[in-house]
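# Per-entry structural report
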Amino acid sequence: MVPEIKICGLTAVHEAEYLNECGVDYAGFVFYPPSRRNVTIEQAREIASALNNGIRKVAVLVSPDAYDIDRIQNVGFMDILQIHKELSPQVAGKAALPIWRALNIGSVSDTDHLTELAYSHIPDEHRHKIEAVLADAPDFGSGRTFDWKEGHRPEALKDMRFVLAGGLTPDNVAEGIRIFGPDTVDVSSGVEGENGKDADLIRDFVYAVRNMKAREA
């Protein structure tokens, strides 16, 4: 199965056209001021309005509180909440959009505990809101992978969407797909040039994902 593709960290309207041309599945918007990819609601709205209708919009949040969740959900154009670091019971209760639970992986052995980590502190009645588990590098946004040696898709995730992130590039994404068999691959810095997202790198990344099977044949 060819994974879906998410391009994360859009910061400019012209970048939306790169995603449209390649027909990717998800666009990520970072709402986290310390990040160099942080955008305001107004900036995200302008970029999102330039995306094709079929591209789902993902709001990337770090340890959000209930106010943050309300603020994002009330804008009306986001489809998914991607939550890093803390996910409190209060935030889970507020979430009306599906959650992608992003977890920082220190070593490949951590992947065996992804579902346990994803559901930590979440009351049973809200666990159905977690649509996917996202495996990220130890420092999200670092552009580095976690240790892939002897990696595999966690058995516990067989019935849940698995998103592979952290340091993916056009050169290594095929290897990541072979090792982990993710449902979705998520890239940000791996498709950036000196001035934000790079059209050629995005094309190369999409080609590497969608033509992996052809190259193996």
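Scroll up for the structure.
Definitions and limits used
Residues numbered from 1 in each chain as written. Predicted model: local features only at pLDDT ≥ 70, side-chain atom pairs only at ≥ 80, totals over all residues. Heavy atoms only, no water. Buried < 20%, exposed > 50% of the residue type's maximum accessible area, 1.4 Å probe, protein only. Helix = DSSP H or I, 4+ residues; strand = E, 2+ residues; numbered from the N terminus. Pairing = 2+ DSSP bridges. Right-handed = clockwise from strand over helix to strand, strands pointing away. Axes fitted to C-alpha atoms, helices over the stretch in contact; angles between N-to-C directions. Left-handed = near helix turned anticlockwise from the far one by under 90°. Contact = heavy atoms within 4.5 Å. Nonpolar A, V, L, I, M, F, W, Y, C, P; charged D, E, K, R; others polar. Salt bridge = Lys/Arg side-chain N within 4 Å of Asp/Glu carboxyl O. Core = buried A, V, L, I, M, F, W, Y, C linked by side-chain atoms within 4.5 Å. Expected span 1.5 Å × (residues − 1). Polar contact = N/O pair within 3.5 Å; in protein donor to acceptor, adjacent residues only side chain to side chain.

It is worth spelling out the pairing of strand S3 (residues 56-62) at this point. In terms of burial, S3 is a largely internal element, 6 of the 7 residues being buried. Direction of pairing for strand S2 (residues 26-30) relative to S3: parallel, over a ladder of 5 bridges. Paired with Tyr26 across the two strands is Arg56, which belongs to S3. Traced from S2 through helix H2 (residues 41-49) to S3, the parallel crossover comes out right-handed. Of the pairings in the sheet, the one linking S3 to strand S4 (residues 80-84) comprises 5 bridges and is parallel in character. Bridge pairing links Leu61 to Ile83 in S4. Taken together, S3, helix H3 (residues 66-74) and S4 constitute a β-α-β crossover, and its handedness is right-handed.

For the rest of this paragraph, the subject is the packing of helix H6 (residues 173-180) against helix H7 (residues 199-210). Contact pair H6 / H7: the axes reach a minimum separation of 8 Å and the direction vectors enclose 35°. Crossing of H6 against H7: the hand is right-handed. Note on element contacts: H7 touches H6 through Phe205, Ala208 and Val209, opposite Val173, Ala174 and Ile177. In terms of residue class, the contact of H6 with H7 is built from 6 nonpolar, no polar and no charged.

Before going further, it helps to examine the pattern of salt bridges. This structure, assessed with the given rule, holds 9 salt bridges. Where Arg203 meets Asp200, a salt bridge forms, and the shortest distance between an N and an O atom there is 2.7 Å. Of this pair, Arg203 and Asp200 are both found in helix H7, 3 residues apart, which corresponds to roughly one turn of the helix. The class of Asp200 is partly exposed, set by a relative accessible area of 47%. Residues joined in a network through salt bridges with shared partners are Arg36, Arg37, Glu192 and Lys197.

To summarise the sheet geometry, strands pair through backbone hydrogen bonds and adopt either a parallel or an antiparallel arrangement. Overall, parallel pairing links the 8 strands, which are arranged S1-S2-S3-S4-S5-S6-S7-S8 in a closed barrel. Across this sheet, the average inter-strand angle for adjacent strands is 25°, counted without regard to direction. Direction of pairing for strand S7 (residues 161-164) relative to strand S8 (residues 184-187): parallel, over a ladder of 2 bridges. Directly across from Val163, in S8, lies its bridge partner Thr184.

In this section: the nonpolar core. In terms of nonpolar packing, the biggest core is built from 63 residues, with Ile7, Leu19, Phe29, Phe31, Met78, Leu81 and Phe205 touching the most fellow members. When residues of this core are assigned to their parent elements, the largest contribution, 6 residues, is made by H7. For Ile7, the residues in contact, after removing those within four places along its chain, are Leu19, Val24, Tyr26, Ala27, Gly28, Val187, Val191, Lys197 and Ile202. Among the nonpolar cores identified, the runner-up in size contains 9 residues, and Tyr26, Ile80, Ala102 and Val163 belong to it.

The end-to-end C-alpha distance of H7 is 17 Å, a good match for the 16 Å that 12 residues give at a rise of 1.5 Å each. Two or three places before Asp200, at the opening of H7, Asp198 has a side-chain oxygen 3.0 Å from that residue's backbone nitrogen.

Take the environment of Ala137 next. Take Ala137: it is sitting in the loop between strand S6 (130-136) and S7. Taking the C-alpha atoms as reference, Ala137 lies 5.4 Å from Ile105; in sequence the two are 32 residues apart.

What follows concerns helix H1 (residues 13-22). The complete set of buried residues in H1 reads Glu15, Ala16, Tyr18, Leu19, Asn20 and Cys22. Looking at the buried positions of H1, the neighbouring elements they touch are strand S1 (4-7), S2, H2, strand S10 (196-197) and H7. Following H1 by one or two positions, Gly23 has its phi on the positive side, about 65°.

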